[in-house]
There are 2 protein chains.
Amino acid sequence: MRSAIRIGAFRGLPSLNSAPLRPGANGLRNHVPRRLLVPPSAALHSKSPDCSEALAPAAKLPEAESVPAVTPRERISIADIKERRAKAGRLIAPTAAYSDADMFKAPTTGKPKAKRWDHYLTEESLSREPCKLKQAAKHLKTPGLISLGGGLPCPEYFPISSLTLHVATPPDFSEAATLEGGGEDITIGKYDAGFSKPSTTSSPSTAPGTGEPKSEYDLSIALNYAQASGSAQMTRFVTEHVELVGVPPYADWRTCLTVGSTGALEQALRMLLRAGDTLVIEEFSFSTALETAAPLGVGFAGAPVDEEGLLPDGLDALLTGWDAAGRGRGGGRRKPHVLYTVPSGQNPTGATQSERRRRDIYEVARRHDLFIIEDEPYYYLQMHEGPAPPPRTVDDFLDRLIPTYLSMDVDGRVLRMDSFSKVVVPGSRMGWITAPEQIVERFIRHSEVANQGPSGFSQVILHKLLDERWGHEGYMRWLMNLRLEYTKRRDVMAAACDEFLPKEVVSWNPPKAGMFQWLKVNHELHPHASTKSILDMEEEIFDRCIAKGVLVARGSWFRAEQDKPPSGLYFRTTFAAASPDNMREAIRRLGEAIRESYRM
Amino acid sequence: MRSAIRIGAFRGLPSLNSAPLRPGANGLRNHVPRRLLVPPSAALHSKSPDCSEALAPAAKLPEAESVPAVTPRERISIADIKERRAKAGRLIAPTAAYSDADMFKAPTTGKPKAKRWDHYLTEESLSREPCKLKQAAKHLKTPGLISLGGGLPCPEYFPISSLTLHVATPPDFSEAATLEGGGEDITIGKYDAGFSKPSTTSSPSTAPGTGEPKSEYDLSIALNYAQASGSAQMTRFVTEHVELVGVPPYADWRTCLTVGSTGALEQALRMLLRAGDTLVIEEFSFSTALETAAPLGVGFAGAPVDEEGLLPDGLDALLTGWDAAGRGRGGGRRKPHVLYTVPSGQNPTGATQSERRRRDIYEVARRHDLFIIEDEPYYYLQMHEGPAPPPRTVDDFLDRLIPTYLSMDVDGRVLRMDSFSKVVVPGSRMGWITAPEQIVERFIRHSEVANQGPSGFSQVILHKLLDERWGHEGYMRWLMNLRLEYTKRRDVMAAACDEFLPKEVVSWNPPKAGMFQWLKVNHELHPHASTKSILDMEEEIFDRCIAKGVLVARGSWFRAEQDKPPSGLYFRTTFAAASPDNMREAIRRLGEAIRESYRM
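Quick look at the structure, then. These figures come from a predicted structure and were not determined experimentally.

Next up on the list: the interface of chain B and chain A. Taken together, the contact between chain B and chain A spans 127 residues of the former and 127 residues of the latter. Buried surface at the junction of chain B and chain A, summed over both partners, amounts to about 10,000 Å²; 62% is from carbon and sulfur atoms. Linking chain B with chain A are 7 salt bridges. Between Arg270(B) and Glu124(A) there is a salt bridge, with its nearest N and O atoms 2.9 Å apart. At the surface where chain B touches chain A, the tally comes to 49 residue pairs in polar contact (both at pLDDT 80 or more). For the side of chain B that touches chain A, the leading source of residues is helix H15 (residues 456-500) of chain B, giving 13 residues. Split into classes, the residues belonging to the side of chain B that touches chain A amount to 67 nonpolar, 40 polar and 20 charged.

It is worth spelling out the sheet that holds strand S11 (residues 414-419) of chain B at this point. Paired through their backbone hydrogen bonds, the strands of a sheet run either parallel or antiparallel. Residue and element names in this part refer to chain B. Across the sheet, which stays open at both edges, the 7 strands sit in the order S4-S12-S11-S10-S9-S5-S6 with mixed pairing between neighbours. Because the sheet does not close on itself, it has two edges, and the strands there are strand S4 (253-258) and strand S6 (299-303). Mean inter-strand twist for the sheet, computed between neighbouring axes without regard to direction, equals 20°. Bridging between strand S5 (residues 278-282) and strand S9 (residues 338-341) involves 3 bridges; their strand directions are parallel. Considered in S9, the bridge of Ile281 is made with Tyr340. On top of the sheet, helix H11 (residues 312-320) reaches S5, S6 and S9; it is set at about 140° to S6, its chief contact.

Residues and elements named next belong to chain B. Remark: helix H3 (residues 78-88) packs on H15, axes separated minimally by 10 Å, with the N-to-C direction vectors making an angle of 140°. Contact with H3, carried on its side by Ile78, Ile81 and Arg85, involves Asp467, His472 and Glu473 of H15 and no other residues of that element. Here the contact of H3 with H15 is built from residues that sort into 2 nonpolar, 1 polar and 3 charged.

Reading across from one edge, S3(A)-S2(A)-S2(B)-S3(B) is the order of the 4 strands in this open sheet, with antiparallel pairing throughout. The open sheet has two edge strands, strand S3 (184-189) of chain A together with strand S3 (184-189) of chain B, and neither has a second partner. The mean angle between the axes of side-by-side strands here comes to 20°, regardless of whether they run parallel or antiparallel. Pairing between strand S2 (residues 160-167) of chain B and S3(B): 6 bridges, direction antiparallel. Looking at S3(B), one finds that Val167(B) is bridged to Glu184(B). The strands that helix H15 (residues 456-500) of chain A touches are strand S2 (160-167) and S3 of chain A together with S2 of chain B; relative to S3(A), the one it contacts most, it runs at about 130°. Packed on one face of the sheet, H15(B) meets S2 of chain A together with S2 and S3 of chain B and runs near 130° to S3(B).

Membership of the largest hydrophobic core comes to 324 residues, with the highest contact counts inside it found for Ile461(A) and Ile461(B). Excluding residues within four positions of it along the chain, Ile461(A) makes contact with Leu163(A), Leu165(A), Ile188(A), Ile160(B), Leu163(B), Phe457(B) and Ile461(B).

On to the pattern of salt bridges, then. Residue and element names in this part refer to chain A. Overall, the coordinates contain 107 salt bridges over all chains when judged by the stated rule. With its nearest N and O atoms 3.0 Å apart, the salt bridge here joins Asp102 to Lys105. Classification of Asp102 by relative accessible area gives partly exposed; the value is 38%. Taken together, the salt bridges that share partners define one network made up of Lys532, Glu540, Arg544, Lys548, Glu585, Arg588, Arg589, Glu592 and Glu596.

All right, on to helix H12 (residues 355-367) of chain B then. Residues and elements named next belong to chain B. Helix length check: H12 (13 residues) gives 19 Å between terminal C-alpha atoms against 18 Å at 1.5 Å per residue, within 8%. Every buried residue of H12 is listed here: Arg357, Arg358, Arg359, Ile361, Tyr362, Glu363, Val364, Ala365 and Arg366. Of the surrounding elements, those touching the buried residues of H12 are strand S7 (305-306), strand S8 (309-310), H11, S9, strand S10 (371-375) and S11. At the C-terminal side of H12, Asp369 shows a positive phi close to 50°.

What follows covers the relation of the copies chain B and chain A. If you rotate chain B by 180° and push it 0.0 Å along the axis, it lands on chain A with an RMSD of 0.0 Å. In the structure described here, the two chain copies are related by an operation that fits a two-fold rotation axis. No C-alpha of chain B lies nearer the rotation axis than that of Thr164(B), which sits 2.4 Å from it. When the interface residues of chain B are mapped onto chain A, 100% of them again fall at the interface, so both copies present the same face.

Glancing now at helix H16 (residues 534-548) of chain B. Residues and elements named next belong to chain B. In this model, H16 (15 residues) spans 21 Å end to end at C-alpha, consistent with the 21 Å of a helix rising 1.5 Å per residue. The set of residues buried in H16 consists of Ile534, Met537, Glu538, Glu540, Ile541, Phe542, Cys545 and Ile546. Its buried side turned inward, H16 meets strand S15 (550-551), strand S16 (553-554), strand S17 (569-574) and helix H17 (580-597).

Turning to the side chain of Arg254(B), a few remarks are in order. Residue and element names in this part refer to chain B. Along the polypeptide, Arg254 turns up in strand S4. The exposure class assigned to Arg254 is buried, which follows from its relative accessible area of 13%. Within the structure, Arg254 has its side chain in polar contact with the side chain of Asp102 (distance 3.2 Å).

What follows deals with the environment of Glu448(B). Within the element layout of this structure, Glu448(B) appears in helix H14 (residues 437-450). If we ignore the near neighbours within four places in the chain, the residues touching Glu448(B) are Thr262(A), Thr288(A), Pro130(B), Cys131(B), Lys134(B) and Ala228(B).

Moving on: unusual backbone geometry. Along the chain, Asn347(A) connects to Pro348(A) via a cis peptide bond; the corresponding omega equals 15°. Topologically, Pro348(A) is positioned in the loop between strand S9 (338-341) and helix H12 (355-367). Although it is not a glycine, Ala96(B) sits at a positive phi angle of roughly 60°. Structurally, Ala96(B) is set in the loop between H3 and helix H4 (123-126). Relative accessible area serves as the criterion here: at 15%, Ala96(B) is assigned to the buried category. Despite not being glycine, Arg599(B) shows a phi value in the positive range, around 50°.

Right, let's get into the packing of aromatic side chains. Applying the stated rule across the entire model yields 32 aromatic pairs over all chains. Taken together, a centroid distance of 6.4 Å and an interplanar angle of 55° make the contact between Phe420(A) and Tyr475(A) tilted. Taken as a pair, Phe420(A) in the loop between strand S11 (414-419) and strand S12 (431-436) and Tyr475(A) in helix H15 lie far apart in primary sequence, 55 residues in all. We note that Phe420(A), like Tyr475(A), is buried. Ring geometry for Tyr379(B) versus Tyr380(B): centroids 5.1 Å apart, planes at 85°, classification edge-to-face. Each member of the pair, Tyr379(B) together with Tyr380(B), is buried. An aromatic cluster of at least three residues, connected via ring pairs, comprises Phe237(A), Phe420(A), Trp432(A) and Tyr475(A). The ring of Tyr379(A) has Arg416(A) lying over it, and the distance from NZ or CZ to the ring centre is 4.6 Å. Here Arg554(B) stacks its cationic end above the ring of Phe542(B), 5.6 Å away from the centre of that ring.

Conventions used here
Residues numbered from 1 in each chain as written. Chains lettered and ligands numbered in written order. Predicted model: local features only at pLDDT ≥ 70, side-chain atom pairs only at ≥ 80, totals over all residues. Heavy atoms only, no water. Contact = heavy atoms within 4.5 Å. Buried area = accessible area lost by both parts, 1.4 Å probe. Salt bridge = Lys/Arg side-chain N within 4 Å of Asp/Glu carboxyl O. Polar contact = N/O pair within 3.5 Å; in protein donor to acceptor, adjacent residues only side chain to side chain. Helix = DSSP H or I, 4+ residues; strand = E, 2+ residues; numbered from the N terminus. Nonpolar A, V, L, I, M, F, W, Y, C, P; charged D, E, K, R; others polar. Pairing = 2+ DSSP bridges. Axes fitted to C-alpha atoms, helices over the stretch in contact; angles between N-to-C directions. Core = buried A, V, L, I, M, F, W, Y, C linked by side-chain atoms within 4.5 Å. Buried < 20%, exposed > 50% of the residue type's maximum accessible area, 1.4 Å probe, protein only. Expected span 1.5 Å × (residues − 1). Least-squares fit on C-alpha atoms with pLDDT ≥ 70 in both. Phe/Tyr/Trp six-rings, centres within 6.5 Å; stacked < 30°, edge-to-face > 60°. Lys NZ or Arg CZ within 6 Å of the ring centre and 35° of its normal.

Dropping the structure here:
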């Protein structure tokens, strides 16, 4: 019924479909000795080619070992996590307490450590020193110590003494019910955790009948300064969440809260790329990601994609054929060493990489020693495809999710970015990364001076809702419900496209994840195809859309390589925001705009 | 009674006390024509000396005009602001609405525009392009338009339907009362502003009896994506707040919310300084500011200070004597063009610049075309000095505040950073900048890709409390109360120092603002003065302190120029955090540690 398209067919490079990927024979891990951190005065203030070269050796490919084709994804169960928490007892994490994922995750003994990335880290990242004032917090563990150290305001002067949230409840999390008599209240007090004392004589809140503090987290902690990596309370939650979805196969993985994936991406790019470097990216990519990297002096190499996203052979060819000497592709730039990809519900193409596709891409990454930034805001919005009923249990839901790059990352070459924006609220400005300890440690050093981690309001509110009230089970059920809601929305848009778009010129694949429908318009059939450029046609249709009352995103906004001529005419529409009726009407208007432009 | 000290006496430079500052005779403003933004492909991907030089002409000093010595600070009254709001009517600012300070501030007709800063902006900053997806929001104003553009989630899927804050109330804002039956509740609903509709059939919340929407801001707006400059609602509040304290004397000033001054500083530095540049800074400065700038390849020139902070003649001498040719101070680096200063309650010295001092420093900045980053987290914590009673009215309070650099900035050479961290809650991770439009516009372009502005939870909570409930009057009263609380705390610490510290070797000035007491210990009197280095003495005393149960900050952490030998032995203590009893006990322990080290 719908026309399947291959988006962005392989351009300008010889087909490598017949050349299978060649994993190296050498099984030794390519460990680089730990490089001493160079003090800023020595490292950063000189930008000589020598210094740069020392950090970026000529592209001599390490022989990669073969990734086991069917590594079973290792997941930890909710029951195991509950048991571990029960054994650990109450979390003692007062104001600005240090924490890391290792404090909360299951033992990883026997697993190898991640590869070292000293050869890719930038001078900026390598020269970061720990925040002296935050480091001094280690002395706070000394019993009886009084701190006149950090300038942390006394919580007595916080004008908010409690926050009460009214929230949706399982199993259906209905907004209507929550607004009209249903739902539940959660109250967060200032001194619920009992670490600080109020200025009054009244004692801190305790749970009824127990004499124990009411909670492990409260406003006196959350609203004060904290470690830039995030509160211990939320670090525990996201670390366990990663375990539920699939742990990396190496030992020293860590997590770190972020101010959303927007901030995480900028920090990651500054850590791994310097001016003059090239980032490999889907040939159509999230425009904000391009806008983040470009001012750093980073160029883009758009890798070809099909309806399953990145093409492994295309990626391999791009890298194998890279010409650092300056004549062909690459134009004298050093060979790319970082891949940025959105594997599920890619923005803007909506493409979702299958498990096989991910394993093949990972293999190419190993062969060329590519570091992978896995940006997964839409991961949990993997659509339900009938006719089988949707998963009933959390286990079944998790089993059916496409494995993450993180879960197959035997080397430790993946920095995964997760976000609460698309699945809880964008306004939390909060997410987290998961990556090898070395990478996370450098990332935190940057967070200390870039933002000091996410808002305490966001942290304590999401902690109370996701961890304390819903728990992992409840949060997974929220995600299970949300993906079904987005599946319904996608189906409304797909039906509207079927009904209103002229299939003679428009083709599309309903996406298997995410929020976006990518539409290819055959520019060769346009009545002015011989005289008008693709960009002019795009602009004309866009303007007609606005005149008719529909805003769509122009395909050209997302082109990785803006200096190349466009290969096709595309539009992106989202089914996230408008009501079903409005979505139908909007697609009808879009269809009309295209028909008019095509004189149909 | 207390020993007054001159901190960091003028080192290694000839005294210029006898050479008065020479304002230029030329009254013409030094307008640089607006430089076209260089596209990233052209500007950023080449780092040739030629290109750099084009952006940074050799340090030929513009002839500055004289700043009127007694410009009265221009303030706008609360009554004026109320009247303006009443005339403007209800603020219509739905999800992701664009706004800027010009929409909210009093007319500035007849005032000159700020100087242009093209010659100082970095390639990175100049090459930033507006976020395409956020720019598309302009079409949302088209009546009847349905957006399939940005991937904004539908608020139906926000699991929080209301937030209720329990807050302190004027006049005394007592925590005890707020915790025990006093205080007030503020509830923020999801659809209070009536722009979005709930999924149910029930209508949006309206104010009782009016049929009008209950509020101008709600969770459906605050928890969705927003403009990176901050919500219109909070932009209005901070813009008016700036007007209450003192407007800049030029026309095109703007505000922009930040993720706190931590993030604002990093963004400002990346906008103004490139690797190899030198930042002028107090000779003892906030260690995190040093840690922010150093990895960017920025060096530091520590300017001499006394108990009123920066010394104008010292600053002038430092710049006049700068040797860009490589032999003397400067060592071949280009002459500094940015000053970072904390004018009130400076961290760590506690020094507060008087109005006269600020005017003199500003004059030096004009003479050397220095751009000023004014970091003022402690501005409102200006202590009350008896015996006169504290101000009773908001007007009186505002009159007595030392004028800001912003309010005397005739050129538009100041970027001021304000923060809610020290005066409301650090966990808001929110503040704002005020600066010329050109600077703020470039800053916003960076915020779009660095963080997308502060958390929506922080914005809506602070808006409801500060704007909707307390209003400007109430917030000023909160600040008036807070400064008295900090004055009490400072007095407790000063008394404890008097009682417990050995005045034979320790000297200090009780600070006139902020959170910090800076202590100078006479290293020359140490029994091991001839054999031990200052850093070793410092470490020994610090370790004794920890052993005795008190954490203080070491003076050397704050030294701007770490490669020079230390000039003295210092410690910083804070009176912000500990209870009065603990503060006394902690200073007693510190005194003991010093006495033991000095064998007293």
